[in-house]
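Listed here are the chains, written in short residue letters.
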Amino acid sequence: MTVRLSLVALQTLLLLISSPGLANDTTASVGTGGLIYTRNSIISMEQEDLFISENEIRVDYVFRNNSDGDVENIIAFPMPDLEPRYESDIAIPDMGSDNFLDFTVAIDGKPIKPELQQRGLAGGLDVTDALISSAIPVSPQNASVQAAIDKLDTATKQDWLKRGILQNSDDSEFAPGWLLKSTYWWVGHFPAGKDVRVSHRYKPSVGGTVSLNFDPDDNSTHGPNFDHAQKYCRDKSFNQSVAKIVKKAGPERTVLYENWISYILTTGGNWAGPIKKFKLTIDKGDTENLISFCGQNVRKTGPTTFEMTAEDFWPERDLEILLLKRNKTE
């Protein structure tokens with residue numbers, strides 16, 4: 001017997017991630033995370049082994065079907081939203097590719113080719129059909145999109161401008177104005193009472209700024225500096241280390257700058273029960289880098305690696321990682 005669980009519409013899944021925009025001289029990171037699955041009481045996450053670095057995110061899962069029948073359902077991996085290039089200050093590894101995070105997935109050790117759904121949105125409305133019918137690439141970052149827009153007739157351009165599908169830019173009177181939402185998805189097969197191993201790999205969106213966004217000597221309990229400290233769980237020891245480096249360099253030098261990695265961890269709560277065994281490994285990359293993030297019972301396991309393990313783990317907040325790197329040019 002095969003049990004088919006009710007599906008969450010892919011259009012809904014596509015709305016789970018948005019792309020923040022920050023100030024000049026700043027590149028924003030966008031949150032990516034684990035696999036999305038309809039909340040249920042049948043499929044449990046027996047194990048999650050998560051590795052995060054600036055170059056790669058690796059996630060290895062063990063799922064188990066705890067029912068008497070086989071289960072088949074859609075599993076999805078939402079990609080970050082993509083805005084038109086001239087409006088975008090987000091960090092994307094390969095902006096020109098549909099698979100711009102170089103996402104791959106394997107089931108029980110065998111690579112699979114997931115489906116890719118891409119939708120264009122303008123003003124909150126799906127305009128994918130309008131784009132396709134006019135031979136416009138759905139991705140606003142596509143190298144040929146501007147040439148395709150230029151071929152539209154004047155009436156269509158004006159109509160699309162009013163609808164927000166097009167907008168004015170410094171480079172063109174009619175430029176892409178829509179948002180791209182992408183989701184990789186595939187049908188997951190979970191035999192009754194058996195474990196299924198799912199692994200996926202991708203390159204993270206690493207944001208950053210050219211200097212520090214906080215004052216390590218500011219211990220206020222409200223305001224931007226406090227919010228920054230709460231977001232990354234900066235503690236007294238971390239702040240003292242930063243202050244020492246800044247003081248030694250002197251006020252005229254920008255000796256440290258920030259990089260950020262965001263990981264949407266709370267999707268792990270969509271599966272049945274807690275994550276039975278959870279392991280997080282973070283590699284800061286260089287021994288001189290400073291790192292701060294929120295976690296319990298974190299221990300250093302190598303010159304650049306930190307590890308957190310937990311049993312019966314409920315992810316209650318997403319993971320925000322702060323990396324401070326030395327400015328080699330100073």
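Residues numbered from 1 in each chain as written. Predicted model: local features only at pLDDT ≥ 70, side-chain atom pairs only at ≥ 80, totals over all residues. Heavy atoms only, no water.

A few points about unusual backbone geometry
Here's step 1: We note that Asp102 has phi near 55 degrees; this positive angle belongs to a residue other than glycine.
Here's step 2: On the accessibility criterion, Asp102 (42% relative accessible area) is partly exposed.
Here's step 3: The backbone phi angle of Asp312 is positive, close to 50 degrees, even though this residue is not glycine.
Here's step 4: As for its position among the elements, Asp312 is in strand β20 (residues 305–313). (Buried < 20%, exposed > 50% of the residue type's maximum accessible area, 1.4 Å probe, protein only. Helix = DSSP H or I, 4+ residues; strand = E, 2+ residues; numbered from the N terminus.)

Description of the sheet that holds strand β8 (residues 110–112)
Here's step 1: Pairing is mixed across the open sheet formed by eight strands, whose spatial order is β8-β7-β14-β5-β4-β17-β20-β19. The sheet is open, and its two edges are formed by β8 and β19 (299–300), each paired on a single side.
Here's step 2: Both strand β7 (residues 104–107) and β8 contribute to a ladder of three bridges, which runs antiparallel. Opposite Ala106, over in β8, you have Pro111 as the bridge partner. (Pairing = 2+ DSSP bridges.)

Some details on the confidence of the model for the protein chain
Here's step 1: Here the protein chain averages 83 in pLDDT, and 84% of its residues register 70 or above.
Here's step 2: For the protein chain, per-element mean pLDDT is lowest for helix α1 (residues 10–13), which scores 30, and highest for strand β18 (residues 290–292), which scores 97.
Here's step 3: Low pLDDT, under 50, characterises residues 1–30; the stretch is placed with 94 contacts to residues that sit more than four places away or in other chains. (pLDDT = per-residue confidence, 0-100. Contact = heavy atoms within 4.5 Å.)

Observations concerning the nonpolar core
Looking at soluble globular proteins, one finds that nonpolar side chains tend to be buried together.
Here's step 1: Core analysis: the biggest nonpolar cluster contains 42 residues, and Leu50, Ile52, Tyr263 and Leu280 have the highest contact counts within it.
Here's step 2: If we skip the residues at most four places from it in the chain, Leu280 touches Leu50, Ile52, Phe293, Phe306, Glu307, Met308 and Leu319.
Here's step 3: Counting residues in hydrophobic clusters, the runner-up holds 14 residues, among them Val127, Ile149, Leu152 and Trp178. (Core = buried A, V, L, I, M, F, W, Y, C linked by side-chain atoms within 4.5 Å.)

Quick look at the pattern of salt bridges
Here's step 1: With the rule as written, the count across this model stands at 11 salt bridges.
Here's step 2: Its salt-bridge partner being Lys181, residue Asp81 comes within 2.9 Å of it at the nearest N-O pair. With a gap of 100 residues between them, Asp81 in the loop between β6 (70–78) and β7 and Lys181 in strand β13 (residues 179–190) connect regions that are remote in the sequence.
Here's step 3: For Asp81, a relative accessible area of 3% puts it in the buried group.
Here's step 4: The class for Lys181 is buried, based on a relative accessible area of 7%.
Here's step 5: The residue Glu307 makes a salt bridge to Arg299 at a minimum N-O spacing of 3.1 Å.
Here's step 6: Under the relative-accessibility criterion, Glu307 is labelled buried at 12%.
Here's step 7: Taken together, the shared-partner salt bridges in this structure form one network comprising Lys279, Arg299 and Glu307. (Salt bridge = Lys/Arg side-chain N within 4 Å of Asp/Glu carboxyl O.)

Observations concerning the side chain of Ser292
Here's step 1: Relative to the elements of secondary structure, Ser292 occurs in strand β18.
Here's step 2: With relative accessibility at 6%, the residue Ser292 sits in the buried group.
Here's step 3: A polar contact of 3.2 Å, which involves the side chain of Ser292, links it to the backbone oxygen of Cys233.
Here's step 4: Setting aside residues up to four positions removed in sequence, Ser292 forms contacts with Tyr232, Cys233, Arg234, Phe238, Glu320, Ile321 and Leu322. (Polar contact = N/O pair within 3.5 Å; in protein donor to acceptor, adjacent residues only side chain to side chain.)

Section: helix α6 (residues 236–249)
Here's step 1: The end-to-end C-alpha distance of α6 is 20 Å, a good match for the 20 Å that 14 residues give at a rise of 1.5 Å each.
Here's step 2: Three or more residues of α6 are buried, namely Phe238, Asn239, Val242, Ala243, Ile245 and Ala249. When α6 is viewed along its axis, its buried side chains cluster within an angular range of 165 degrees and face the same direction. Exposed residues on α6 whose side chains face more than 90 degrees from its buried face are Lys236, Lys244, Lys247 and Lys248.
Here's step 3: Elements that come into contact with the buried residues of α6 comprise β16 (256–264), β18 and β21 (319–326).
Here's step 4: Just downstream of α6 lies Gly250, where phi reads positive at about 95 degrees. (Expected span 1.5 Å × (residues − 1). Arc of directions from axis to C-beta.)

Some remarks on the packing of aromatic side chains
Here's step 1: Under the definition given, this model contains eight aromatic pairs.
Here's step 2: Here Phe77 and Tyr202 contribute two aromatic rings whose centre-to-centre distance is 5.0 Å and whose plane-to-plane angle is 50 degrees, an arrangement assigned as tilted. With Phe77 in strand β6 and Tyr202 in strand β14 (residues 195–202), this pair connects stretches of sequence that are 125 residues apart. Side by side, Phe77 and Tyr202 carry an identical accessibility label, which is buried.
Here's step 3: One cation-aromatic arrangement involves Arg58 over Phe51; the distance from NZ or CZ to the ring centre is 4.0 Å.
Here's step 4: The ring of Phe214 is capped by Arg234, whose NZ or CZ atom sits 3.9 Å from the centre of that ring. (Phe/Tyr/Trp six-rings, centres within 6.5 Å; stacked < 30°, edge-to-face > 60°. Lys NZ or Arg CZ within 6 Å of the ring centre and 35° of its normal.)

A word on helix α4 (residues 154–163)
Here's step 1: Along α4, the residues that are buried comprise Thr156, Lys157 and Trp160. One face of α4 carries all of its buried residues, which in axial projection span an arc of 100 degrees. Of the exposed residues in α4, those oriented more than 90 degrees away from the buried face are Thr154, Ala155 and Lys162.
Here's step 2: Looking at the buried residues of α4, the elements they touch are α2 (128–133), α3 (145–150) and β11 (166–167).
Here's step 3: Two or three places before Ala155, at the start of α4, stands the capping residue Asp153, its side-chain oxygen 3.2 Å from that residue's backbone nitrogen.

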